[in-house]
Amino acid sequence: MTQNRFDGIVIGAGHNGLITAAYLAKAGLKVAVFEPRLTVGGGFATEELSVPGFKHNTHAIFSKMHDSPVHYDLQLENYGVEYIFPHVKKAYVNHGGYFLHYQDVEATAQSIHRISPKDADTYRKMARQWLHWYRDIILPDMYSAPKPPDIWEAEIRKKPGGAEYLRIALGYSPEEYANELFESPMIRMALVRGAVISEYDPTTKGIPTIVFATMIAWFAQKNSMVKGGTRSVADAIARIIEENGGKIFLGNPVQQIIVEDNTAKGVILDDGREFYADRFVASNVNPVQTFLFMIDEGKLPEDVREKAANFKFKDETIFRIFLCLKERPLFTMAEREPDLNHSLYYTIGYDSPSDMIRMQQQGKAGLLPDVTGLSGGIPTIHDPSQAPPGSHTAFFSILAPFSLADGGPSKWNDISRDATERMLEKLREYAPNVTDANIIGKFPYTPVDIEACFPEMMNGDICQGRITPEQTGFNRPWAGMSQYRTCFSNLYLCGASSHPGGFAVGGPGYNAANAIADDLGITKWWPEYDPTKIVKI
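Since the model is a prediction, treat every value here as computed from it, not as a measurement.

## Let's talk about the overall build of the protein
So, step 1. From N to C terminus, the protein includes 16 helices and 18 strands.
So, step 2. Its C-alpha atoms give the protein a radius of gyration of 22 Å, near enough to 24 Å, the size a compact globule of 537 residues would have.
So, step 3. Seen through its C-alpha atoms, the protein measures out along the principal axes to roughly 65 × 55 × 45 Å.
So, step 4. Within the protein, the fraction of its 537 residues that count as buried is 62%.
So, step 5. A sequence separation of at least 24 residues applies to 71% of the contacts in the protein between residues at least 6 apart.
So, step 6. Of the roughly 19300 Å² that the protein leaves accessible, carbon and sulfur atoms contribute 49%.
So, step 7. Each charge sign in the protein was given a centre, from 53 positive and 64 negative side chains, and these centres are 3 Å apart.

So this is what it looks like as structure tokens:
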């Protein structure tokens, strides 16, 4: 092959694009990946933002890759990928009390018992059910092509516990489900928070697979962070691509996908160079940019143009501050419960699910929400390598709109400093040692910054497309294009706009690799995914 011709081309070196490329490169295809940024990973980013030596995971902070087929198929541990599983994985604290999620189910039950013995009994029963659902229903759904709703329902109904799973997943909103299970506002809030983390409106009827996965993972499954920073996963997968003859072109944005005779033939870069793909092109970019920005308008079917134009992004996303600290935040509530100072993740200040729901509603209305509470973490508690010796990093977030009602996106230039100070004020209510003297550096990361750094995250939407029942599963990105194949021969979608969606799970990239291998008749070197070999109950 010539230097500008490959078997396959992947547009975008986010983790899903890298996964697709790695599987197919190991299958013997000559694969090229084109990335506009100067680093691989996309949202698997670890950056020094304000002070040298302080590393921040700007998007994918926590990981569920340890439950994925990707980690085991690609043997990422041989490339230095190591997961850290802190004993305390999540802490909820407000002025009235606290509650801790542990990696251990019984330890979590004991923490709930202190608040509500009834809820502790309910949790013990549900934790086992959730584990079975996670292993037997949710993971197989995430790491396979989505099926039409009637077929999907029929297959799940045949599984043990499937009928009850469908009753909840189709008939309840996350808020309703939490209210049915638990009596304590704090425990209800912990379950609802999983939906909010999933970029999902917890008052919406129905609980999509990726949302259910996040809700119950914090309650009943293992959660981790990546040692050295999340980008080490992307770096490892990039090495696998290159070891298997693939090539990654950094700083080379794709301007156009070449389509001839209704078939994807290659790409044209911003600088005018053309590269050709004999067997496939896979886009890790959202469908709006893929179809409306990268394909000649005259070659795009009218129905696809209309569906791409109507693809929805979230109105609200996140505003996050990253801190470089002399010493880690210390919580006054830890005087009552020392374990609280050792959590992987924190949810601070919220009193009930209604606080989170109100914050989400304010964001949808274009309002900077009331800083009722924060979510965040202190990664260097568990991984000191992410800061200079003796120092720490931390991050804290609130939900926020991309476009502000009183000034649009540009208004963030005026308000980000004030919003940062309001968040720090809230944090100091619980960790008073986070003084100005303790802060070495701080970096406000606004929704507008998200889109500027990652244009494929339009509107600052970190999931590259709104998570709703109408835009998940067989409807992601839309019905008729939800199985990674497109209206053009040899053109595939492999990014977070495809099933199962965003987050650090690698499902879209893995599923796209399977679809491409099936279509090309490639013998798969990887085994069929069997979560029973990974998730122990």
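Having seen the structure, we can now continue with the description.
## Considerations on the nonpolar core
So, step 1. With 152 residues, the main nonpolar core has Trp130, Tyr165, Tyr177, Phe212, Phe280 and Leu340 as its most contacted residues.
So, step 2. The element contributing the most residues to this core is helix H4 (residues 117–142), with twelve residues.
So, step 3. Leave out the neighbours within four places in its chain, and Phe212 touches Trp133, Ile138, Tyr165, Ile168, Ala169, Tyr177 and Ile207.
So, step 4. By size, the runner-up hydrophobic cluster in this structure holds 31 residues, among which are Phe6, Ile257, Val285 and Leu493.

## Section: the environment of Pro369
So, step 1. Note on placement: Pro369 falls in the loop between helix H13 (353–364) and strand S15 (374–377).
So, step 2. Among the residues examined, Pro369 registers a relative accessible area of 0% and is labelled buried.
So, step 3. Put simply, Pro369 and Arg358 are eleven residues apart on the chain and 8.1 Å apart in space, counted from C-alpha to C-alpha.
So, step 4. For Pro369, the residues in contact, after removing those within four places along its chain, are Met359, Gln362, Gly363, Leu399, Ala400, Pro401 and Arg422.

## Regarding the pairing of strand S6 (residues 88–94)
So, step 1. The buried count for S6 comes to seven of seven residues, which makes it a mostly enclosed element.
So, step 2. With six bridges joining them, S6 and strand S7 (residues 97–102) adopt antiparallel strand pairing. Residue Lys90 lies in a different strand from S7, and its bridge partner there is His101.
So, step 3. Two elements, S6 and strand S14 (residues 343–348), share five bridges in a ladder whose sense is parallel. Within S14, the position partnered with Tyr92 by the bridge is Thr347.

## With respect to the pattern of salt bridges
So, step 1. For the structure on display, the rule yields 25 salt bridges.
So, step 2. With a shortest N-O distance of 2.8 Å, Lys442 and Glu421 are connected by a salt bridge. With Lys442 in strand S17 (residues 439–445) and Glu421 in helix H14 (residues 412–428), this residue pair connects regions lying 21 residues apart in the sequence.
So, step 3. It is possible to trace a salt-bridge network through shared partners that takes in Glu35, Arg37 and Glu456.

## Details of the packing of aromatic side chains
Each aromatic ring pair is specified by the distance between its two centres and by the angle formed by the two planes.
So, step 1. If you walk through the whole model with that rule in mind, you get 30 aromatic pairs.
So, step 2. Between the aromatic rings of Trp133 and Tyr165, the centroid separation amounts to 5.4 Å while the plane-to-plane angle is 80°, which identifies the pairing as edge-to-face. Taken as a pair, Trp133 in helix H4 and Tyr165 in helix H6 (residues 162–171) lie far apart in primary sequence, 32 residues in all. Comparing Trp133 with Tyr165 shows no difference in burial state: the two are buried.
So, step 3. One aromatic cluster is present, built from ring pairs that chain together Tyr23, Tyr143, Tyr510, Trp525, Trp526 and Tyr529.
So, step 4. Over the ring of Trp525 we find Lys26, and its NZ or CZ is 4.4 Å from the ring centre.
So, step 5. In this arrangement the basic side chain of Lys90 is found over the ring face of Trp218, its NZ or CZ atom lying 4.9 Å from the centre.

## Thoughts on helix H12 (residues 302–309)
So, step 1. The complete set of buried residues in H12 reads Val304, Arg305 and Ala308. Along the axis of H12, the buried positions cluster into a sector of 100°, meaning they face one direction only.
So, step 2. Those residues of H12 that are buried lie in contact with helix H11 (287–293).

What counts and how
- Residues numbered from 1 in each chain as written.
- Predicted model: local features only at pLDDT ≥ 70, side-chain atom pairs only at ≥ 80, totals over all residues.
- Heavy atoms only, no water.
- Helix = DSSP H or I, 4+ residues; strand = E, 2+ residues; numbered from the N terminus.
- Rg over C-alpha atoms; globule rule 2.2 N^0.38 Å.
- Buried < 20%, exposed > 50% of the residue type's maximum accessible area, 1.4 Å probe, protein only.
- Contact = heavy atoms within 4.5 Å.
- Areas by Shrake-Rupley, 256 points an atom, 1.4 Å probe, with all protein chains shown as cover.
- Lys, Arg positive; Asp, Glu negative; His and termini not counted.
- Charge placed at Lys NZ, Arg CZ, Asp CG, Glu CD.
- Core = buried A, V, L, I, M, F, W, Y, C linked by side-chain atoms within 4.5 Å.
- Pairing = 2+ DSSP bridges.
- Salt bridge = Lys/Arg side-chain N within 4 Å of Asp/Glu carboxyl O.
- Phe/Tyr/Trp six-rings, centres within 6.5 Å; stacked < 30°, edge-to-face > 60°.
- Lys NZ or Arg CZ within 6 Å of the ring centre and 35° of its normal.
- Arc of directions from axis to C-beta.

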